[in-house]
Amino acid sequence: MSEVASKELRIVGFLCNWCSYGGADTAGVGRFKQPTDLRIIRVPCSGRVDPMFVVRALITGADGVLVSGCHPRDCHYTDGNFYARRRLEMLKRLLPFLGIDGKRFHYTWVSASEGQRWQQVVTDFTKQVHTLGPMHQK
Amino acid sequence: MRVGVFICHCGSNIAGTVDVAKVAEEARKMPGVAYATAYMYTCSEPGQKEITDAIERDKLDRVVVAACSPRMHENTFRRTVMKAGLNRYFFEQANIREHVSWIGLDKELNTKKAIDEVRMAVEKVKRNKPLFSTSFKVNKRVLVLGGGVAGMQAAIDCADGGLEVIMVEKSPSIGGMMARLDKTFPTVDCSICILGPKMVDVAQHDLIKLHAYSEIAEIKGYVGNYQIKIRKKPTYVDWTKCTGCGLCMEKCPTKNAYDHFNFGAAPTRAINIPFPQAIPKKATIDPEFCRQFVKGKCGVCAKVCPTGAINYEMQEEIITEDVGAIITATGYGLMGIENFKEYGAGRYPDVITGIQYERFLNASGPTSGHIIRPSDHEEPKTIVFISCVGSRDKSLGVPYCSNFCCMYIAKQAILTKDHIPDSQSYVFYMDIRSPGKGYDEFTRRAQEEYGAKYIRGRVSRIYPKGKKMVVRGADTLLGTQVEIEADLVVLGNAVVSAEGAAQMAEKLHISYDTHGFYVESHPKLRPVETNTSGVYLAGACQGPKDIPASVGQGSAAAAKVLALFSKDMLESDPAIANVNINTCVGCLKCVKTCPFQAIVEDTLRNGKKVAKVIETVCAGCGVCTSTCPCGAIQLQHFTDNQLLAEVNAICQK
């Protein structure tokens, strides 16, 4: 494994198609530079994110998981993100019981126009995961 | 399974920071990949031909394109694979431009990330199922929200195209902001003279149904089939009887009601018709000021009304309209000036806003077109205009330019000279922004021909001195302090989103930005579409805009609706939820969580209770899928299997 590759950690992102995926696109179009650890999975709505996806990612090899959707009250599907918020908040509190540091998981809201905010979210979360270090012995 | 992978260079956009040849080479090693190549511009015609040729030549049955965002070109490539005979859902796009090449500097890391993105897409596409649209009927009626110039243009164009139009306007008359203007730049054309005929067209068009003084209570449904509940606010005047004679307004004893139409430039009566050209020209009672409502007795208007139209007991009314598309033209608002303590706004009556000044200039305004100082009703001789009051000020949360203030201030300076030949106008500006056709010439005319003195700099303080207002500011070109003793100060206050814009967006399920302006589907190429199909934008609800731009957008939105309605049937999005009746245990949790009431209880022939999805109502959010305890309800194209395959592609490599 090359030196660079060993430095990078595995972060999985679940982004809703309408807001955060668009926000990440806006960040790209604006050339807002970000760490490259994140791999993005597009979902229609943050409400589609089953907490089990997050757990599965963390126990099978991810060092961090980020979920991002539309701001509360601005959901493309009326209230999918409210379901997401309830489930993900619960998950965040449950993770320590599974022996996983809750800081490895973060959920947030980024709209399609907030490219700069997306850059900040990715940078901050990547930094946070790097402080915790790799989760799995490679 | 034979997957074909096509890596796009996108010129140097991707190839500049991603080793595309390496990505293609790695893709070839992925299980199931039969063919992988890198191409200069995959979206170009020869690029698409490359895909169709490869599908035929290498017997591909799945396609992955690694290029820009799927929000950009997913439909392009879906059409491409369809042309080659594949189901359009046998395609996945890996985003290696916006999410990789444009945000990372390190070519090695970018290449690694791009390979991962391709691996995820390959794993997903291998699990994709063919999906087929069903078609449904379109209700060819259109709802236009807002009766400003953008909404009126949209309504007239739609109606001329043969569509039935429902227009909803929240104030008692259509006309919007433009109806309040005296003249328009850069032609100094009379605003109401060019707007009036359009307003009459709206009123008289057989296909346009106008609901004035009404609001949207609820929006249900989807493109082609919306059910709209409209709340008709009580006017306390029976509009079927009111003739607009104005006798009530003349006799009303309450003379201090707030004049919404004139932005409080002068008080009005508690029962009023907003302006002479109002459409509909009907009276409305403002219960906040009307003595009948405040004190419980008066009844003067009811006594004088020759047709007996006054009805103090009137209640709001909810009416339902079914439409197939919605054009949102809800306009803008203006920032309150009370916050500008340094300008004494709100405290000194002679510090007013641009729109109030516009009303003083207007012949149908509160002073019949005579410019006066609100404090003593004298004619002002020295008038100071201040631009960027709030605009381009990050500290106030308005980092953007309000678009048309520079131009209307130049216009008002010109009109001031016309009204009062011995007057002198001063304009404090940050930059003069006049990029439209004939605009720069116009601002020059204000200075050269009409003698307006333009001072580049900000005003620090305004304070009274006798009858005058002292405007103290900087002239940054001369590097000096300036003090002007003005009779009247006009503030070009910032354009903000309309009141209630966010709540409206939530009803429409469209996005809005941090300032409350609605977000278009693509900033360059889809400026009047939203991400919600069937909802279009026109005018300043999307961002500050002047009249020609608003009119242009109104027509553009109408063209989009006409194109949408040119078909009798629309194709549904087949990526909706689907219930596996064998594994469904009939707990019906999905029924409770579905935001669209798209899932109902169904009983099978053997008596088993299961959930059933109503195909046309399901919007494809997938909340049910993550709710179902046994994985029986699956959102097509985003099933647990497909998403977990993507997770595995990253985590278990």
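Residues numbered from 1 in each chain as written. Chains lettered and ligands numbered in written order. Predicted model: local features only at pLDDT ≥ 70, side-chain atom pairs only at ≥ 80, totals over all residues. Heavy atoms only, no water.

## Some details on the packing of helix H12 (residues 405–419) of chain B against helix H13 (residues 439–448) of chain B
A pair of packed helices is characterised by two quantities: the angle between their axes and the separation of those axes. Residues and elements named next belong to chain B. To be explicit about the condition: Each axis is a line fitted through C-alpha atoms, taken for helices only over the stretch in contact, and angles between the N-to-C directions span 0 to 180 degrees. Helix and strand labels come from DSSP, where a helix needs a run of H or I of at least four residues and a strand needs a run of E of at least two; each type is numbered from the N terminus. For classification purposes, angles smaller than 35 degrees are called roughly parallel, those larger than 145 roughly antiparallel, those between 65 and 115 roughly perpendicular, and all remaining angles oblique. Note on convention: near helix rotated counterclockwise from far helix by under a right angle means a left-handed crossing. Clockwise means right-handed. The contact definition used throughout considers only heavy atoms, calling two residues in contact when any of these lie within 4.5 Å. The nonpolar class holds Ala, Val, Leu, Ile, Met, Phe, Trp, Tyr, Cys and Pro. Asp, Glu, Lys and Arg form the charged class, and all remaining residues, Gly among them, are polar.
The geometry of H12 relative to H13 is characterised by a closest axis approach of 9 Å and an angle of 40° between their N-to-C directions. The orientation of H12 relative to H13 falls into the category oblique. For H12 against H13, the interelement crossing comes out left-handed. Between H12, through Met407, Ala410, Lys411 and Ile414, and H13, the contact on the second element is made entirely by Tyr439, Phe442, Thr443 and Ala446. Classifying every residue of the contact of H12 with H13 by side-chain character gives 6 nonpolar, 1 polar and 1 charged.

## Regarding empty space enclosed by the protein
Our working definition: Definitions used for this entry: grid spacing 1 Å over protein atoms alone; cavity, a set of points where a 1.4 Å probe fits but cannot get out; pocket, an open set with protein on both sides within 12 Å along at least 5 of 7 lines; lining residue, one with an atom within 4 Å of a point. Grid points are joined across faces, edges and corners, and a volume is the space filled by probe spheres set on the points.
Counted by the stated rule, this structure contains 10 cavities of 30 Å³ or more. Taken as a whole, the largest cavity spans an internal volume of roughly 230 Å³. Forming the walls of the largest cavity are 18 residues, and the residues nearest its centre are A:Tyr21, A:Arg42, B:Glu92, B:Gln93 and B:Glu646. Classifying every residue of the lining of the largest cavity by side-chain character gives 8 nonpolar, 4 polar and 6 charged. In this structure, the second largest cavity occupies an estimated 110 Å³ of space. Considering the residues around the second largest cavity, the lining is formed by 15 residues, among which B:Cys242, B:Thr243, B:Cys245, B:Cys248 and B:Cys305 are closest to the centre.

## Re the interface of chain A and chain B
Rules: When two components associate, each loses some accessible surface as probed by a 1.4 Å sphere; the sum of these losses over both components is called the buried area. What counts as a salt bridge is simple: a side-chain nitrogen of Lys or Arg found within 4 Å of a carboxyl oxygen of Asp or Glu. Two N or O atoms count as a polar contact when they lie within 3.5 Å, although within protein this holds only if one can serve as hydrogen donor and the other as acceptor, and sequence-adjacent residues are included solely when both atoms are side-chain atoms.
At the interface, 52 residues of chain A touch 57 residues of chain B. In total, chain A and chain B occlude about 4,800 Å² of area from one another, counting both sides; carbon and sulfur atoms represent 56% of this. Here chain A is connected to chain B by 6 salt bridges. Its salt-bridge partner being A:Asp25, residue B:Arg71 comes within 3.7 Å of it at the nearest N-O pair. Here chain A and chain B share 21 residue pairs in polar contact (both at pLDDT 80 or more) between them. Secondary structure elements with two or more residues in the side of chain A that touches chain B: helix H1 (3–7), strand S1 (11–16), helix H2 (20–29), strand S2 (38–43), helix H3 (51–60) and helix H4 (80–94) of chain A. When residues in the side of chain A that touches chain B are grouped by element, the largest group, 7 residues, is from H2(A). Taken together, the residues that form the side of chain A that touches chain B break down as 24 nonpolar, 13 polar and 15 charged.

## Digging into the sheet that holds strand S1 (residues 3–8) of chain B
Residues and elements named next belong to chain B. Defined as follows: A strand pair is defined by DSSP finding two or more bridges across the two strands.
Strands sit in the order S2-S1-S3-S4 across an open sheet of 4 strands; the sheet is parallel. Strands at the two margins of the open sheet, each flanked by one partner only, are strand S2 (33–39) and strand S4 (91–95). Strand-to-strand twist of the sheet, defined as the mean angle between neighbouring strand axes without regard to direction, takes the value 15°. Where strand S3 (residues 62–67) meets S4, 5 bridges bridge the pair, whose relative direction is parallel. Looking at S4, one finds that Val64 is bridged to Glu92. Seen against the sheet, helix H5 (residues 107–126) touches S1, S2, S3 and S4 and runs at an angle of roughly 165° to S4.

## Some words on the domain arrangement of chain B
The line we're drawing: The start and end points of each domain follow an automatic or database-based domain assignment.
In terms of domains, chain B is made up of domain 1 (3–126), domain 2 (141–232 + 318–331 + 504–564), domain 3 (234–315), domain 4 (333–496) and domain 5 (577–636). Taking only C-alpha atoms, the centre of domain 1 of chain B and the centre of domain 2 of chain B are 40 Å apart.

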